Amino acid sequence: MEEQEATVRNINPNPASPSDEAGPPDASSIWARMAWTHLDAVRRRAPLVQCITNLVSMDIAANVLLASGASPAMIHSINEIQDFTPKADALYINIGTLSAEWVPAMQAAAKAALEANRPWVLDPVAVSASSYRMEACLELVKLRPTVIRGNASEILALSSACRISGAKGVDSAHESIDALDAAKSLAKSSNAIVAVSGAVDFVTDGDRVISCSNGVSMMQKITATGCAVTALIAAFVAIDPWNALKATASALAVFGLTGELGMEMASGPASLRMHMVDWLYRLNESTVATRARLSERS
Ligand SMILES: Nc1ncnc2c1ncn2[C@@H]1O[C@H](COP(=O)(O)OP(=O)(O)O)[C@@H](O)[C@H]1O
Ligand SMILES: Cc1ncsc1CCOP(=O)(O)O
Ligand SMILES: [Mg+2]
């Protein structure tokens, strides 16, 4: 824990540098520098992230974590939770391909993470698809996730715990701004940081709201990009657990930026996916500091 607290101190961005002849940086550049500081810390510390994630997303989530500098472990057997979960720096649970066998493993892992004082992150994929899925997800929310990240339809459905949110499948039928009040309400009722993704991503603790406008719409044409960014959030929260709001916003900005840079070279979703992983590996300080678009909504 001492080591984690030291990291938090290191991550707080220093807004004004005495040698900065251009004057103090504006608020958006402070946020952008914070995103770089988080990515740099992930690269230096290589957090171990246990993922209990859907079968569609396993490959892209593991590759995104590796490219960021984190260490992924796709371990979901209930027989391994007791030994392994306390060793991980963060846990990621995604209900995308839920099965009767996985639900107890997810619950056991969330409990083990809580007991070991490790952050854990929930992706409520298609939470309104069935009452089984909704009930499993509500049980997980009771186990106090550090962060919940979903698209607008998922956050709307989970927040109101309605059976039908208007979503047809795993994709969103809503704009992220439509889910902002629901995200705040969910954050307050669950005590989690809630992120709602879309053209603009919003991250809230129920009061503060950070918005991120990085990303390209083609990201929606790659399956499991949402799952992958939630995995990345777990890695960022692992290295700054006491600032989960900021760590989550940083992860969304970094991931969105890889989409923008990747799109300059891609000819469609498949090559965009490849370029995003490459850019995540290659991103440097000046690119993140100048192109991450984060701000706090007043
Ligand atoms: N219209 C859009 N423009 C730019 N980026 C987007 C857009 N829609 C989604 N994204 C980005 O794609 C990633 C996945 O978000 P989203 O599609 O909302 O999640 P999911 O795949 O879970 O439905 C996020 O990083 C988000 O910022
Ligand atoms: C297509 C699909 N079906 C079940 S999980 C899944 C992947 C969902 O990924 P994302 O939520 O990132 O779009
Ligand atoms: Mg999703």
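Scroll up to find the structure.
Residues numbered from 1 in each chain as written. Chains lettered and ligands numbered in written order. Predicted model: local features only at pLDDT ≥ 70, side-chain atom pairs only at ≥ 80, totals over all residues. Heavy atoms only, no water.

1. Topic: the overall build of the protein chain
Test applied: Strands are runs of DSSP state E lasting at least two residues, helices are runs of H or I lasting at least four, and both sets are numbered from the N terminus onward. Type-normalised accessible area, obtained with a 1.4 Å probe on protein chains alone, sets the label of each residue: buried when under 20%, exposed when over 50%, and partly exposed for intermediate values. Two residues form a contact once any of their heavy atoms are found within 4.5 Å. In this description, accessible areas are obtained by the Shrake-Rupley approach with a 1.4 Å probe, and a residue is regarded as covered only by the protein chains that are shown.
Tallying secondary structure elements over the protein chain gives twelve helices and nine strands in all. Buried positions account for 53% of the 298 residues belonging to the protein chain. Long-range contacts, defined here as pairs at least 24 residues apart, represent 71% of the contacts in the protein chain between residues at least 6 apart. Summing over all exposed atoms, the protein chain offers an accessible surface of approximately 12,900 Å²; the carbon and sulfur share of this is 50%.

2. Quick look at the sheet that holds strand β1 (residues 48-52)
To be explicit about the condition: At least two bridges found by DSSP between two strands are what make those strands a pair. For helices, the axis comes from a line fit to the C-alpha atoms of the stretch in contact; other axes are also lines fit to C-alpha atoms, and the angle between any two N-to-C directions lies between 0 and 180 degrees.
With mixed pairing, the nine strands of this open sheet are ordered in space as β2-β1-β3-β4-β5-β6-β7-β8-β9. Lying at the two open borders of the sheet, with one neighbouring strand each, are β2 (71-73) and β9 (294-297). Across the sheet, the axes of successive neighbouring strands diverge by a mean angle of 20°, strand direction being ignored. The pairing of strand β7 (residues 201-204) with strand β8 (residues 209-212) spans four bridges and is antiparallel. Note that in β8 the partner of Val203 across the bridge is Ile210. On the sheet, helix α2 (residues 27-45) packs against β8 and β9 and is oriented at approximately 120° with respect to β9.

3. Focus on the packing of helix α10 (residues 244-263) against helix α11 (residues 269-282)
Applied cut-off: Note on terminology: angles under 35 degrees are roughly parallel, angles over 145 are roughly antiparallel, angles of 65 to 115 are roughly perpendicular, and the others are oblique. Helix crossings are classified by the rotation of the near helix relative to the far one: an anticlockwise turn of less than a right angle makes the crossing left-handed, while a clockwise turn makes it right-handed. Only Asp, Glu, Lys and Arg are considered charged in this grouping, and only Ala, Val, Leu, Ile, Met, Phe, Trp, Tyr, Cys and Pro are considered nonpolar; every other residue, Gly among them, is considered polar.
Contact geometry of α10 with α11 gives a least axis separation of 8 Å together with a crossing angle of 120°. In terms of orientation, α10 and α11 fall into the oblique class. In this structure, the crossing between α10 and α11 has a hand that is right-handed. On the side of α10, the interface is formed by Val254, Phe255, Thr258, Gly259, Leu261, Gly262 and Met263, while α11 contributes Leu272, His275, Met276, Trp279 and Leu280. Residue composition of the contact of α10 with α11, by class: eight nonpolar, four polar and no charged.

4. Points about the side chain of Ser68
Rules: Two N or O atoms form a polar contact when they lie within 3.5 Å of each other; inside protein one atom must be a possible hydrogen donor and the other a possible acceptor, and for residues adjacent in sequence the pair counts only when both atoms belong to side chains.
Along the chain, Ser68 falls in helix α3 (residues 58-68). Judged by relative accessible area, which is 0%, Ser68 ranks as buried. Reaching out from Ser68, the side chain makes a polar contact with the backbone oxygen of Leu65 at a distance of 2.7 Å. The contacts of Ser68, once residues within four sequence positions are left out, are Leu39, Val42, Arg43, Leu232 and Leu280.

5. A word on the pairing of strand β6 (residues 193-197)
Most of β6 sits inside the fold, with five of its five residues counted as buried. The alternating pattern of β6 places Ile193, Ala195 and Ser197 and Val194 and Val196 on opposite faces, both of which are buried. Where β6 meets β7, three bridges bridge the pair, whose relative direction is antiparallel. Looking across to β7, one finds that Ala195 is bridged to Val203. Hairpin connection, β6 to β7: the antiparallel pair is bridged by three residues.

6. Re the site of ligand 1
Our working definition: We call a residue near a molecule or strand when any one of its heavy atoms sits within 4 Å of it.
For ligand 1, the set of nearby residues contains 15 residues, the closest of which are Arg149, Asn151, Ser197, Asp201 and Gly226. Interatomic distance of 3.0 Å between a side-chain N/O atom of Arg149 and an oxygen atom of ligand 1. At 2.8 Å, a side-chain N or O of Asp201 approaches an oxygen atom of ligand 1. Isolated, ligand 1 exposes 550 Å² of accessible area, and the fraction of that covered by the protein chains is 89%. Elements that contribute at least two residues to the shell around ligand 1 include exactly β5 (147-151) and α9 (225-239).

7. Observations concerning the packing of aromatic side chains
By convention here, two paired aromatic rings are described through the distance between centres and the angle between planes. Selection rule: For Phe, Tyr and Trp, rings pair up if their centres lie within 6.5 Å, where Trp contributes its six-membered ring, and each pair is then called stacked (planes under 30 degrees apart), edge-to-face (over 60) or tilted (otherwise). Look at NZ for Lys and CZ for Arg. If either is within 6 Å of the ring centre and within 35 degrees of the ring normal, a charge sits over the ring.
All told, the structure shown has zero aromatic pairs when counted by the stated rule. The lysine or arginine in question, Arg282, covers the ring of Trp279, its NZ or CZ lying 4.2 Å from the ring centre.

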